[in-house]
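Residue strings, one per chain:
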Amino acid sequence: MNTEKLDQVVEELKAIVGEENVITDPALLYCYSADASINQHMPDVVVRPGKTEEVSEVLKLANRERIPVHPRGGGTSLSGSVVPYGGGIVVDMTRMNKIIDIRPADLWCIVEAGVIHADLERELAKYGLFYPPDPASSESATIGGTIATNAGGLRGVKYGTTRDWVLGLEVVLPTGDVINVGTKTLKTSSGYQLCRLFVGSEGTLGIITKAVLKLLPIPKARVRVMGVFDSVVDAARAVSQIFMAGITPGLLEFVDKNAQKAINSWLNLGLPETEAILIIDLEGSTEEEPLKLAPYLERVLKENGAIEARYTSDPEEMNKLYLARAKAYPAMFRLGKPTVLVEDITVPVRSFQKRSRKSTK
Ligand SMILES: Cc1cc2nc3c(=O)[nH]c(=O)nc-3n(C[C@H](O)[C@H](O)[C@H](O)COP(=O)(O)OP(=O)(O)OC[C@H]3O[C@@H](n4cnc5c(N)ncnc54)[C@H](O)[C@@H]3O)c2cc1C
């Protein structure tokens, strides 16, 4: 954008969102030039809308002037998707951070797109509810960003990804038109599933301003099991066998030797540093349910090559095991190597053994 046009656009943006919510200082723009990947590019201007109408006016202006727009939530993307290549306007959604309504009886809530994922979790817990998608970036990622990326998380093995938990959306289209898609009912079968189209659209179809999210009651009890393996192949086989044994884990994570070492050297969690560990959650609607199932799971793990298998329901011990996976990425990053390249690959369960051998190489 040339300086003259930029000056004019900045003035119009100030009129829409207020002077204090338009950023042009290069030092501050720099903070918006990157995400959690290695990519970087400076925006021309950052705007911080506080309501849907303001987002709409910003997009009308950008559309009229043919200026690229880059919606931004927590900026935790690992793929450069939030980096403003080509310059233009970054729309920082973090001021739109209200939890508007929580309906325990209907099992849904309505939130603005800039609500931090972990803040919502904490609020829902007061009602005995939870929102199943749980990216490890929860303390910084926004609900809008997790919807735009169809984020998954540690609980994905049982609960799927974000797309399965978004009932409805308010979206501002590139023209500035505001539309509502989806529903507030737990079941809907009529019409096109436009809501699902916006989930995972990475900001290419419009800016999400509000979301209706499906909720569940927090399971009454949870037990965390660790299986220790001296062979990656055994651990991979055990994964298949857990499902074949009729067990549906609430969480199932694989942590290899390198990741265990990195985490131990940072958080001193006392992980065994063997070829692989599996971390598995069992959940139940009574205290007894997961405790009854845990010895059975231990047996399945041992029959499939685990050199050790143990379970705990102690919250502190459970949290340590959770951190063993949740902190894997920052732990690798801390090793001080030039960089960490993240690849999220998805393979059928039966190919996991082969893939894990290859990735170890
Ligand atoms: C330590 C760490 C752990 C992570 N763990 C996971 C994980 O377990 N699972 C997982 O899936 N991802 C994970 N990620 C990746 C990232 O956190 C997620 O993709 C997250 O959903 C991004 O949310 P955000 O608010 O930071 O979005 P941003 O990074 O700000 O944006 C991501 C994309 O969404 C678009 N966007 C943002 N807000 C909106 C909006 N309101 N409307 C339309 N488009 C929008 C942006 O333009 C961009 O394309 C992790 C990242 C880090 C750094």
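Everything in this summary refers to the structure shown in the same document. (Residues numbered from 1 in each chain as written. Predicted model: local features only at pLDDT ≥ 70, side-chain atom pairs only at ≥ 80, totals over all residues. Heavy atoms only, no water.)

**Overview of the overall build of the protein**
Secondary structure assignment for the protein yields 13 helices and 15 strands. Since a compact globule built from 361 residues should have a radius of gyration of about 21 Å, the 23 Å found for the protein is in line with a globular shape. Along the first, second and third principal axes, the C-alpha atoms of the protein reach 70 × 50 × 35 Å. Expressed as a percentage of the 361 residues in the protein, the buried residues total 46%. Taking as baseline every contact in the protein between residues at least 6 positions apart, the subset at least 24 positions apart corresponds to 69%. Working note: accessible area of the protein is about 17,900 Å², and carbon and sulfur atoms make up 51% of it. (Helix = DSSP H or I, 4+ residues; strand = E, 2+ residues; numbered from the N terminus. Rg over C-alpha atoms; globule rule 2.2 N^0.38 Å. Buried < 20%, exposed > 50% of the residue type's maximum accessible area, 1.4 Å probe, protein only. Contact = heavy atoms within 4.5 Å. Areas by Shrake-Rupley, 256 points an atom, 1.4 Å probe, with all protein chains shown as cover.)

**Considering unusual backbone geometry**
Phi is positive for Arg66, close to 55°, though the residue is something other than glycine. Tracing the backbone through its elements, the reader meets Arg66 in the loop between α3 (52-65) and β3 (69-72).

**Points about helix α4 (residues 117-125)**
It helps to recall that an α-helix has 3.6 residues per turn; residues three or four apart then point in one direction. Within the sequence span of α4, burial applies to His117, Ala118, Leu120, Glu121 and Leu124. Looking straight down α4, one finds its buried side chains confined to an arc of 155°; they lie on one side. (Arc of directions from axis to C-beta.)

**Topic: the packing of aromatic side chains**
Taken as a whole and judged by the stated rule, the model has three aromatic pairs. For the ring pair Tyr159 and Trp165, a centre distance of 6.3 Å and an interplane angle of 65° mean the geometry is edge-to-face. Take Tyr159: its relative accessible area is 11%, and that puts it in the buried class. According to the relative accessible area criterion, Trp165 is buried, its value standing at 9%. Look at Tyr329 and Phe333: their rings are 5.9 Å apart centre to centre, the planes differ by 50°, and that puts the pair in the tilted class. Linking Tyr329 with Phe333, this pair stays in helix α12 (residues 328-334), spanning four residues, or about one helical turn. Grouping aromatic residues by their ring pairs yields a cluster made of Phe130, Tyr159 and Trp165. (Phe/Tyr/Trp six-rings, centres within 6.5 Å; stacked < 30°, edge-to-face > 60°.)

**Side note on the site of the ligand**
Surveying the vicinity of the ligand reveals 31 residues, the closest of which are Pro71, Gly73, Thr76, Ser137 and Thr142. Gly75 is positioned with one of its backbone polar atoms (N or O) 2.8 Å from an oxygen atom of the ligand. Thr142 has a polar side-chain atom sitting 2.7 Å from an oxygen atom of the ligand. Look at the ligand: alone it shows 970 Å² of surface, and the protein chains cover 89% of it. Counting residues per element, the ones that place at least two in the shell around the ligand are β3, α5 (143-148) and β10 (207-214). Partitioned by chemical class, the residues of the shell around the ligand number 14 nonpolar, 15 polar and two charged. (Near = heavy atom within 4 Å. Polar contact = N/O pair within 3.5 Å; in protein donor to acceptor, adjacent residues only side chain to side chain. Nonpolar A, V, L, I, M, F, W, Y, C, P; charged D, E, K, R; others polar.)

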